[in-house]
Amino acid sequence: MRQIGIRDDNDDATSGLKVSVPFLLCGLFLAVVWFFLPAEQWFLLFGMMVAYIVPPLGRETIIPVCILWGIPWWLAAFTLAFLDFAGGLFMAWNFPLVLRIPYIGPWVSRFTAAGRTFLDRRPWLERLYFVGLIAFVALPFDGSGSIVGSIVGRMLGMTKTEVLACITTGGIIGSFAIALGIDYVVHLIPPGAGLWVSLALLLLIGIALLVAYRSYSRRPEAGA
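A brief report on the enclosed structure follows. Because the structure is a prediction, the values reported are computed rather than measured.

**Structural notes on a nonpolar patch on the surface**
- Side chains of Leu28, Val32, Trp34, Phe35, Phe36 and Phe43 sit close together on the surface and give an oily, nonpolar patch of about 750 Å² of accessible area.
- If you tally residues by element for the nonpolar patch, the top one is helix H1 (residues 16-34), at three residues.
- Residue placement: Phe35 occurs in the loop between H1 and helix H2 (39-53).
- For Phe35, a relative accessible area of 70% puts it in the exposed group.

Right under this line is the structure:
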């Protein structure tokens, strides 16, 4: 088992380039997509990107909305997977800086302090640290994603490259799996059902599956 702890990688003197590159990549992505999507869908996609970064919305909510508004399922999936990569890249390069950001830094510090309890409840993350972190990012756990995934990876003693690889892989698996499933369900809905009826149906299905999954995943914790 690897030693658990947040390692100091002497990144305190973070350059402006390391801070700006993840945001520049997101801007470049939006600029490219602008040439392929109508303006209405582009603004919707931009709004969904912002909503994905700001909790509590996740893939299970954002992907159905994008697909029902006409955004191709593969683009919706790739967008969220790309955001996971960009978030993981930012955390890998700027973790000490994140600790100094108001509101976010104290939250990260509190999460780190409670990390031992968090990992005790999910021992498979330590036993299968690489595969476990991929599953943590891919599956809809509470707080899963690039930011928390980066913290968990560093607590497991993984290198920056390993953490980024896990976050990117998990983001791709989770986003494309949900998008494929939603796209399949959308084709089962009668064409005359209407947008809002279809959206309500998909959200109900997503909420039901999410509640059932999280209830099942918490059973070991309740019995501990």
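More follows now that the structure is in view.
**Some points on the packing of aromatic side chains**
- Inspection of every chain in the model, using the stated rule, returns ten aromatic pairs.
- Where Trp34 meets Trp42, the ring centres are 5.1 Å apart and the plane angle is 85°; that geometry is what we call edge-to-face.
- The class for Trp42 is buried, based on a relative accessible area of 14%.
- Ring pairing ties together the aromatic residues Phe29, Phe78, Phe82 and Phe85, which thus form one cluster.

**Some thoughts on helix H3 (residues 59-68)**
- In terms of residue burial, H3 counts as a mostly covered element, since eight of its ten residues are buried.
- When H3 is considered as a whole, its buried residues turn out to be Arg59, Ile62, Ile63, Pro64, Val65, Cys66, Ile67 and Leu68.
- Positive backbone phi, approximately 95°, marks Gly70, located one or two places after H3.

**A few points about the pattern of salt bridges**
- Taken as a whole and assessed by the stated rule, the structure comprises one salt bridge.
- Asp84 is the salt-bridge partner of Arg59, the closest N and O atoms lying 2.9 Å from each other. Of this pair, Arg59 sits in helix H3 while Asp84 sits in helix H4 (residues 73-98), and the two are 25 residues apart along the sequence. Across this residue pair, the class does not change: Arg59 and Asp84 are buried.

**With respect to the nonpolar core**
- Val33, Leu45, Ile62, Cys66, Ile71 and Leu75 are the most contacted members of the largest nonpolar core, which totals 27 residues.
- Not counting chain neighbours up to four residues away, the residues in contact with Cys66 comprise Leu45, Met48, Ile71 and Ala76.

Thresholds applied
Residues numbered from 1 in each chain as written. Predicted model: local features only at pLDDT ≥ 70, side-chain atom pairs only at ≥ 80, totals over all residues. Heavy atoms only, no water. Patch = residues over 30% accessible without salt bridge, like charges linked within 9 Å, V, L, I, M, F, W, Y side chains within 5 Å. Areas by Shrake-Rupley, 256 points an atom, 1.4 Å probe, with all protein chains shown as cover. Salt bridge = Lys/Arg side-chain N within 4 Å of Asp/Glu carboxyl O. Helix = DSSP H or I, 4+ residues; strand = E, 2+ residues; numbered from the N terminus. Buried < 20%, exposed > 50% of the residue type's maximum accessible area, 1.4 Å probe, protein only. Phe/Tyr/Trp six-rings, centres within 6.5 Å; stacked < 30°, edge-to-face > 60°. Core = buried A, V, L, I, M, F, W, Y, C linked by side-chain atoms within 4.5 Å. Contact = heavy atoms within 4.5 Å.

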